[in-house]
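# Residue-level structure breakdown
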Amino acid sequence: MNHLAVKVAREQKHPAAPPSQKPQRKRRLRLTLAEKLLIVSFLLFVFYAAVHTVSTQVQIYELNKDVQKLESAIDEQKKENNDLYVEVQRLSAYERILQKAKELGLSLNENHIKVVQD
């Protein structure tokens, strides 16, 4: 009984528990140097592509803004040209030229008229 008493005493100190599972260590993903370089180069390429895309969009925006400025300047110049054309038509009317000639003392002499053909 001696051994039995010692065994019972030990079981009371350390109650019998189911064998505990060892905590599973998370397996860390081990990457080789080549894989690390590949990932870094891919990330650098993605960053470069993003920056290049944004800079291209900025250039397109600037060009569109310049095109709009030029188009508005062209429209203004067309309006001015049209106004000047109307003024030329008004100033080159036969009646007006005859009136100005009379004001300046010129007279219409039909003997001195020469016809010029184009």
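Computed from a predicted structure; not experimentally measured.

## Points about the UniProt feature "transmembrane region" (unreviewed entry) in the protein
The positions that UniProt labels "transmembrane region" (unreviewed entry) are, in the present scheme, residues 33-51. Within the segment residues 33-51, helix and strand shares are 100% and 0% respectively, and the terminal C-alpha atoms sit 27 Å apart.

## Examining the UniProt feature "coiled-coil region" (unreviewed entry) in the protein
UniProt annotation of "coiled-coil region" (unreviewed entry) refers to residues 60-87 when read in the numbering used here. The straight-line gap between the two end C-alpha atoms of residues 60-87 is 40 Å; of that span, 100% is helix and 0% is strand.

## Structural notes on a positive patch on the surface
Taken together, Arg25, Arg28, Arg30 and Lys36 make up a surface patch of like positive charges. Within the fold, arginine 30 resides in the loop between helix 1 (2-13) and helix 2 (33-91). Arginine 30 gets classed as exposed once you look at its relative accessible area, which sits at 70%.

## Notes on a negative patch on the surface
Side chains of Glu71, Asp75, Glu76, Glu80, Asp83 and Glu87 sit close together on the surface and give a patch of like negative charge. Mapped onto the elements of the fold, glutamate 71 is located in helix 2. Under the relative-accessibility criterion, glutamate 71 is labelled partly exposed at 46%.

## Re the confidence of the model for the protein
Model confidence for the protein is summarised by a mean pLDDT of 86, while 82% of its residues fall at 70 or above. Per-element averaging of pLDDT across the protein places helix 1 at the bottom with 64 and helix 2 at the top with 97.

What counts, and at which threshold
Residues numbered from 1 in each chain as written. Predicted model: local features only at pLDDT ≥ 70, side-chain atom pairs only at ≥ 80, totals over all residues. Heavy atoms only, no water. UniProt positions renumbered as here; feature names shortened; annotations may be inferred. Helix = DSSP H or I, 4+ residues; strand = E, 2+ residues; numbered from the N terminus. Patch = residues over 30% accessible without salt bridge, like charges linked within 9 Å, V, L, I, M, F, W, Y side chains within 5 Å. Areas by Shrake-Rupley, 256 points an atom, 1.4 Å probe, with all protein chains shown as cover. Salt bridge = Lys/Arg side-chain N within 4 Å of Asp/Glu carboxyl O. Lys, Arg positive; Asp, Glu negative; His and termini not counted. Charge placed at Lys NZ, Arg CZ, Asp CG, Glu CD. Buried < 20%, exposed > 50% of the residue type's maximum accessible area, 1.4 Å probe, protein only. pLDDT = per-residue confidence, 0-100.

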